Amino acid sequence: MHGGRQTLRPFTRQIVPAFLTMLLVVLVTGMSPAKAQESSRPDVVLTAEGEAVHFSGMLFDGHNDLPWEIRDKGNSSFDILDISKDQPTLHTDIARLKKGGLKAQFWSVYVPAAADKNGDALSQTLHQISIVKSMVKRYPETFEFASTADDIERIVKAGRIASMMGVEGGYSIENEISNLQRLYDEGCRYMTLTHSKSLTWADSATDEPRVNGLSDFGKDVIREMNRLGMMVDLSHVSPETMRQSLAITKAPVMFSHSSARAICDHPRNVPDDVLLLVKQNGGVVMVNFFSAFVAPTEVLKKNKEARGTLHDVVDHIDHIVKLAGVDHVGIGSDFDGVPRLPHQLESVATYPLITQELLNRGYDRASIHKILGGNMMRVLRAAEHVKNELNSPSK
Ligand SMILES: [Zn+2]
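Because the structure is a prediction, the values reported are computed rather than measured. (Residues numbered from 1 in each chain as written. Predicted model: local features only at pLDDT ≥ 70, side-chain atom pairs only at ≥ 80, totals over all residues.)

1. Focus: the overall build of the chain
Selection rule: Each helix is a run of DSSP H or I of at least 4 residues and each strand a run of E of at least 2, with the numbering of both proceeding from the N terminus. Counting other C-beta atoms within 10 Å of a residue's own tells you its class, since 20 or more makes it buried, 12 or fewer makes it exposed, and anything in between is partly exposed; those C-beta atoms are placed from the backbone. Contact between two residues is assigned when their C-beta atoms, built from the backbone, lie within 7 Å.
Helices and strands together make up the secondary structure of the chain, namely 18 helices and 9 strands. A buried classification covers 48% of the 395 residues belonging to the chain. Partitioning the intrachain contacts of the chain with sequence separation of at least 6 by distance along the chain shows that 72% fall at a separation of at least 24.

Structural data, given as structure tokens:
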């Protein structure tokens, strides 16, 4: 019965099933053989050149939720979660930050969208700000608080991690424009207009629209942010809110933690038409590492729990570079804010592998340095410039 099979030589016995499997994958999924093999792309291995390029750049991550984890898991105390010691339950601790070569960070002072309903979003946000300030105070050899782009450069030269803050969710201003000044004075340098729920003045990407983009108040929020030099963060908002914000902002915008929708079709990601508007605006899209936003659509369709890999994250970077250019992409990991991360991007220690993979794909040193943080620095300086222009007496 099995005579036909048994006459095959051992080599052929391995090759034929492999070929049939690939044929089956192609027939069933409609994927090209190259695409079908993507999930098995080899691990990235850091070389001396990769390390040199990485550590000579200025890695500036757009979004890390450590302050929330300290509140949630550590009762807001670095005595309970001391990051000078290894903290395997977190994505972030000081030893791994050093290994990852992080130079500057926007620490998120996120509070849950439920705070909007409770009416205490501002006071909760101020609490989160106090956690970041206590971290900088407790580990002064590692962190220093930065208010300006010049501050960041000075702090990085001194060998410390420049620390800025970003507000996540416009409900933190409790519908009062003057609270933007308050948060700016506390050191916040961007605000994400919404989180997961639509507001009375801006729509979220993951909720029903309430105002079809921005209300008049929402537009006033953007004008005031421009005047203060607080960057407009368009992560989490609906595509229509992105477009309307891009139409009225006088300063370049940022997406502190969002990836490309063409690669992974999730509402949190940025559609191609908006990527082209960001190019015109001079802004930056900082690629998020969360598995559910980066694993390719076809992989997630088959397995919602797929983690994706470092290669997938670099595919997002590649896509934004091809469409908008190398001046408009950055890194916005979302470490300590997400439950699942891609293979080889499990913690802040792994950033150098992104640099390595960019090198492997033919990116030169100058382009890699733009992606790591040069672009974010340009956007921050532009926001400072717009602030000066809008506040100069001759205008
Ligand atoms: Zn977020």
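The discussion continues.
2. As for the packing of helix 16 (residues 310-324) against helix 17 (residues 351-360)
Using the following cut-off: The convention used is that axes are lines fitted to C-alpha atoms, helices contributing only their stretch in contact, and that angles between N-to-C directions extend from 0 to 180 degrees. With the far helix as reference, a near helix turned anticlockwise by less than a right angle produces a left-handed crossing, and one turned clockwise produces a right-handed crossing. Three categories are distinguished: nonpolar for Ala, Val, Leu, Ile, Met, Phe, Trp, Tyr, Cys and Pro, charged for Asp, Glu, Lys and Arg, and polar for the others, with Gly belonging to the last.
Packing of helix 16 against helix 17 leaves a shortest axis separation of 10 Å and a crossing angle of 65 degrees. At the point where helix 16 passes helix 17, the crossing takes the right-handed sense. Contacts from Leu-310, His-311, Val-313 and Val-314 in helix 16 reach Leu-353, Ile-354, Glu-357 and Leu-358 in helix 17. Taken together, the residues that form the contact of helix 16 with helix 17 break down as 6 nonpolar, 1 polar and 1 charged.

3. Examining the pairing of strand 1 (residues 59-64)
To be explicit about the condition: Any two strands between which DSSP finds at least two bridges are classified as paired.
Among the 6 residues of strand 1, 6 are classified as buried, and the element is accordingly described as predominantly covered. With 4 bridges joining them, strand 1 and strand 2 (residues 102-108) adopt parallel strand pairing. Residue pairing in the sheet places Leu-59 in a bridge with Leu-102 of strand 2.

4. Details of the environment of His-236
Inspection of the secondary structure puts His-236 in the loop between strand 6 (231-233) and helix 12 (239-248). Owing to 27 C-beta atoms within 10 Å, His-236 belongs among the buried residues under this scheme. For the pair formed by His-236 and Thr-192, sequence separation is 44 residues and the distance between their alpha carbons is 7.3 Å.

5. With respect to the packing of helix 17 against helix 18 (residues 365-391)
Put simply, the rule is: Angular relationships are summarised with four words: roughly parallel below 35 degrees, roughly antiparallel beyond 145, roughly perpendicular across 65 to 115, and oblique for the angles in between.
Contact pair helix 17 / helix 18: the axes reach a minimum separation of 10 Å and the direction vectors enclose 150 degrees. Considering the angle they form, helix 17 stands roughly antiparallel to helix 18. Helix 18 is crossed by helix 17, and the crossing has right-handed handedness. Side by side, helix 17 and helix 18 meet where Thr-355, Leu-358 and Leu-359 of the first sit next to Ile-368, Ile-371 and Leu-372 of the second. Tallied by class, residues from the contact of helix 17 with helix 18 come to 5 nonpolar, 1 polar and no charged.

6. Quick word on helix 4 (residues 48-56)
Using the following cut-off: For this quantity, the arc is that covered by the directions from the helix axis to the C-beta atoms.
What helix 4 keeps buried is the set Gly-50, Val-53 and His-54. Projection of helix 4 onto a plane perpendicular to its axis shows the buried side chains occupying an angular sector of 100 degrees, all on one side. Those residues of helix 4 that are exposed and aimed more than 90 degrees away from the buried face are Ala-48 and Ala-52.

7. Observations concerning the confidence of the model for the chain
Convention followed: Within a predicted model, pLDDT stands for the predictor's per-residue confidence, ranging from 0 to 100.
Counting all residues, the mean pLDDT for the chain is 92, and 90% of those residues have values of 70 or more. This stretch, residues 1-38, has a pLDDT under 50; its non-local contacts, to residues over four places away or in other chains, come to 11 contacts.

8. Brief notes about the pairing of strand 4 (residues 161-168)
For clarity, the cut-off: Handedness of a crossover is defined as follows: with both strands directed away from the viewer, a clockwise route from the first strand across the helix to the second makes it right-handed.
Within strand 4, 8 of the 8 residues are buried, which leaves it mostly tucked inside the rest of the structure. Burial of the side chains of strand 4 extends over both faces: Ile-161, Ser-163, Met-165 and Val-167 are buried on one face and Ala-162, Met-164, Gly-166 and Glu-168 on the other. Sheet analysis places strand 2 next to strand 4, joined by 5 bridges and oriented parallel. Looking across to strand 4, one finds that Ser-108 is bridged to Gly-166. With 3 bridges joining them, strand 3 (residues 143-145) and strand 4 adopt parallel strand pairing. Following the sheet pairing, Phe-145 is matched in strand 4 by Ser-163. Crossover connection from strand 3 via helix 9 (residues 149-157) to parallel strand 4: handedness right-handed. Sheet topology note: the strand 4/strand 5 (residues 188-192) ladder contains 4 bridges and is parallel. Across the sheet, Gly-166 pairs through a bridge with Tyr-190, a residue of strand 5. Between the parallel pair strand 4 and strand 5, the chain is carried across by helix 10 (residues 178-186), and the sense of this crossover is right-handed.

9. Focus: helix 12
All of the buried residues along helix 12 are Thr-241, Met-242, Gln-244 and Ser-245. Buried residues along helix 12 sit in contact with helix 11 (216-228), strand 6 and helix 13 (272-281).

10. Points about the environment of Glu-168
Looking at the secondary structure, you find Glu-168 in strand 4. Taking the C-alpha atoms as reference points, Glu-168 and Thr-194, separated by 26 residues in sequence, lie 7.0 Å from one another. Discounting chain neighbours no more than four positions away, the residues touching Glu-168 are Ser-108, Tyr-110, Thr-192 and His-195.

11. Structural notes on unusual backbone geometry
One non-glycine residue, Ser-76, adopts positive backbone phi at about 60 degrees. Mapped onto the fold, Ser-76 is located in the loop between helix 5 (66-74) and helix 6 (94-100). On the neighbour-count criterion, Ser-76 (17 C-beta atoms within 10 Å) is partly exposed. Phi is positive for His-236, close to 75 degrees, though the residue is something other than glycine.

12. Re the environment of Pro-296
With respect to the helices, strands and loops of the structure, Pro-296 is situated in the loop between helix 14 (291-294) and helix 15 (297-302). Among the residues examined, Pro-296 registers 18 C-beta atoms within 10 Å and is labelled partly exposed. For the pair formed by Pro-296 and Ala-306, sequence separation is 10 residues and the distance between their alpha carbons is 9.4 Å. When residues no more than four places from it in sequence are discounted, the contact partners of Pro-296 are Ile-263, Cys-264 and Asp-312.

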